[in-house]
Amino acid sequence: ERGGVRELLAQPDLRRIILISGLVVAGIDLYTFYMPIYGHSIGLSATMIGVVLGALAAATFVVRTLLPLLVRRWGEDPVMTVSVLLAGMTFLLFPFVQNVGGLLLLSFALGLGLGIGQPLSVIMTYNRSPQGRAGEALGLRFSFVNLTHMVIPLAFGSVGSAFGAASVFLANSVLLLIGGYAHHRGATRRANE
């Protein structure tokens, strides 16, 4: 089929998946940038900051091996919704935790949430694409993700400079929670049609 970007973005399911994938990528980018700043501000050594960051990577590995089972059991939309909401709630807690054990747990929980988002959003983009336009839809998703890589750090850098690293965690939490709720509402509306 032929058509333009507007035609693809006019489809609510596809638009929702592309937006949620951008939020997930923004969450990963902001975490990997601001966690070391936050860790340094609370007196963690570089080694401990690396260990905390490693917990996210470990959780990502674990959850991605379980992804096919989770999707078979509960479906794509519920798994995506829960993963984004988990990430949002986890970001909300970061500014209130200052010990390594707590940060390790939060980092692992965040990895469980954000680790699902990238591969699942690719699958969902492919599955929700119009017949014969999967490559175009995936290209649009990747373009949006790359735009997110550029815009979000700039925007949140201003927030972080003005209000501190904790504000970045809280603002990202709000974005993910709103995104998770919007995804849930859109998926529910789609299921009821």
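Computed from a prediction, not measured in an experiment: that's the story for all the values here. (Residues numbered from 1 in each chain as written. Predicted model: local features only at pLDDT ≥ 70, side-chain atom pairs only at ≥ 80, totals over all residues. Heavy atoms only, no water.)

## Description of the overall build of the protein chain
Here's step 1: Counting secondary structure elements, the protein chain contains seven helices and zero strands.
Here's step 2: Each helix and strand of the protein chain, placed in order from N terminus to C terminus, yields the pattern α-α-α-α-α-α-α.
Here's step 3: Whereas a compact globule of 193 residues would reach a radius of gyration of roughly 16 Å, the protein chain reaches 17 Å, a difference of no more than 12%.
Here's step 4: Expressed as lengths along the three principal axes of its C-alpha atoms, the size of the protein chain is roughly 55 × 35 × 25 Å.
Here's step 5: Going through the 193 residues of the protein chain one by one, you find that 45% of them count as buried.
Here's step 6: When contacts within the protein chain are restricted to residue pairs at least 6 apart in sequence, those whose partners lie at least 24 apart make up 79%.
Here's step 7: Carbon and sulfur atoms make up 68% of the accessible area of the protein chain, which totals about 9,700 Å².
Here's step 8: Charged side chains of the protein chain number 13 positive and 8 negative; the gap between the two group centres comes to 4 Å. (Helix = DSSP H or I, 4+ residues; strand = E, 2+ residues; numbered from the N terminus. Rg over C-alpha atoms; globule rule 2.2 N^0.38 Å. Buried < 20%, exposed > 50% of the residue type's maximum accessible area, 1.4 Å probe, protein only. Contact = heavy atoms within 4.5 Å. Areas by Shrake-Rupley, 256 points an atom, 1.4 Å probe, with all protein chains shown as cover. Lys, Arg positive; Asp, Glu negative; His and termini not counted. Charge placed at Lys NZ, Arg CZ, Asp CG, Glu CD.)

## Here we look at a nonpolar patch on the surface
Here's step 1: Residues Phe 61, Val 62, Leu 66, Leu 69 and Phe 108 make up a contiguous nonpolar surface patch of about 450 Å² in total accessible area.
Here's step 2: Broken down by element, the residue count for the nonpolar patch peaks at four residues, all from helix 3 (residues 46–74).
Here's step 3: In this fold, Phe 108 is placed in helix 5 (residues 100–127). (Patch = residues over 30% accessible without salt bridge, like charges linked within 9 Å, V, L, I, M, F, W, Y side chains within 5 Å. Salt bridge = Lys/Arg side-chain N within 4 Å of Asp/Glu carboxyl O.)

## With respect to the packing of aromatic side chains
Here's step 1: Summed over all chains, the structure comprises six aromatic pairs.
Here's step 2: Judged by centre distance (6.3 Å) and plane angle (50°), the ring pair of Phe 91 and Phe 94 falls under tilted. For the pair Phe 91 and Phe 94, a shared accessibility class is recorded, and that class is buried.
Here's step 3: The interplanar angle of 15° and the centroid separation of 5.2 Å between the aromatic rings of Phe 94 and Phe 169 together place this pair among those described as stacked. (Phe/Tyr/Trp six-rings, centres within 6.5 Å; stacked < 30°, edge-to-face > 60°.)

## Looking at the pattern of salt bridges
Here's step 1: Applying the stated criterion across every chain, the model contains eight salt bridges.
Here's step 2: Salt-bridge contacts for Glu 136 lead to Arg 133; the nearest nitrogen and oxygen are separated by 2.9 Å.
Here's step 3: Classification of Glu 136 as partly exposed rests on a relative accessible area of 32%.
Here's step 4: When its relative accessible area of 1% is taken as the criterion, Arg 133 is described as buried.

## Re the packing of helix 2 (residues 12–41) against helix 6 (residues 134–163)
Here's step 1: For the pair helix 2 and helix 6, the least separation of the axes is 8 Å and the interaxial angle reads 40°. Judged by the angle between their axes, helix 2 and helix 6 are oblique. Here helix 2 and helix 6 pass one another in a crossing that is right-handed. Counting all contacts with helix 2, which are made through Leu 14, Ile 18, Leu 19, Ser 21, Gly 22, Val 25, Ala 26, Asp 29, Leu 30 and Tyr 34, the residues of helix 6 involved are Ala 137, Leu 140, Arg 141, Phe 144, Val 145, Thr 148, His 149, Ile 152, Phe 156, Gly 157 and Gly 160.
Here's step 2: Split into classes, the residues belonging to the contact of helix 2 with helix 6 amount to 13 nonpolar, six polar and two charged. (Axes fitted to C-alpha atoms, helices over the stretch in contact; angles between N-to-C directions. Parallel < 35°, antiparallel > 145°, perpendicular 65-115°, else oblique. Left-handed = near helix turned anticlockwise from the far one by under 90°. Nonpolar A, V, L, I, M, F, W, Y, C, P; charged D, E, K, R; others polar.)

## Comments concerning helix 7 (residues 165–192)
Here's step 1: Here helix 7 is 28 residues long and its end C-alpha atoms lie 41 Å apart, about the 40 Å a rise of 1.5 Å per residue gives.
Here's step 2: What helix 7 keeps buried is the set Ala 165, Ser 167, Val 168, Phe 169, Asn 172, Ser 173, Leu 176, Gly 179, Gly 180, His 183, Gly 186 and Ala 187.
Here's step 3: For helix 7, the elements touching its buried residues are helix 2, helix 4 (76–93), helix 5 and helix 6. (Expected span 1.5 Å × (residues − 1).)

## A closer look at the environment of Gly 101
Here's step 1: Along the polypeptide, Gly 101 turns up in helix 5.
Here's step 2: With 46 residues separating them along the chain, Gly 101 and Ala 55 place their C-alpha atoms 11 Å apart.

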